[in-house]
Amino acid sequence: MSSDHDILTALNRDYINSVQTCDVKRFDEILAPDFYCSNPDRSLVDRAGFLKQTARPIAIRNLKAEDVLIRIIGDAAIIHARTSYVMPDGSAGGGRYTDVWAKIGGQWLAVSAHVTR
């Protein structure tokens, strides 16, 4: 049986991979019904809006999460990380994110995300 930390590590990897590959199906599985995301452009989108924006192809490549810090507080978890990626012109890009997860019905689901670039 995997520990909560192991499960959240795998979910974080799935989340980042789903951003890079526009995997709406995987996001549909791991986002809570009341999920919200604060985008780098300062917009706030609900779950439906996030899935819609995820379906659009992204121009960056080699998206990676680095310096991942997972904090588990009871049935909640906060994941902080730095991102690195390659911009369309070949230059390096990066940012940070903070995701909040909740254990709902025994399953970890993302309830909130905040992304900066």
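The structure under discussion appears in the preceding block.
The following paragraphs examine the structure supplied in this document. As the structure is a computational prediction, the values presented were derived from the model and not from experiment.

## Some remarks on the packing of aromatic side chains
Part 1 of the reasoning: In the structure shown here, the tally under the stated rule is five aromatic pairs.
Part 2 of the reasoning: With a centroid separation of 5.0 Å and 90 degrees between ring planes, the pair formed by F27 and F50 is classed as edge-to-face. Taken together, the residues F27 in helix α2 (residues 24-30) and F50 in helix α3 (residues 47-55) connect sequence positions 23 residues apart.
Part 3 of the reasoning: By relative accessible area, F27 is classed as buried at 0%.
Part 4 of the reasoning: Ring pairs connect the aromatic residues Y15, F27, F35, F50 and W101, which therefore count as one cluster.

## Regarding the pairing of strand β6 (residues 107-116)
Part 1 of the reasoning: Sheet topology places strand β1 (residues 31-38) next to β6; four bridges connect them, and they run parallel. Residue pairing in the sheet places C37 in a bridge with A113 of β6.
Part 2 of the reasoning: Two strands pair when backbone bridges link them, and strand β5 (residues 92-104) and β6 are joined in this way by nine bridges, in the antiparallel orientation. Bridge pairing links Y97 to V115 in β6.
Part 3 of the reasoning: Between β5 and β6, which pair antiparallel in sequence order, lie two residues; one of them, G105, sits at a positive phi of approximately 60 degrees.

Conventions adopted
- Residues numbered from 1 in each chain as written.
- Predicted model: local features only at pLDDT ≥ 70, side-chain atom pairs only at ≥ 80, totals over all residues.
- Heavy atoms only, no water.
- Phe/Tyr/Trp six-rings, centres within 6.5 Å; stacked < 30°, edge-to-face > 60°.
- Helix = DSSP H or I, 4+ residues; strand = E, 2+ residues; numbered from the N terminus.
- Buried < 20%, exposed > 50% of the residue type's maximum accessible area, 1.4 Å probe, protein only.
- Pairing = 2+ DSSP bridges.

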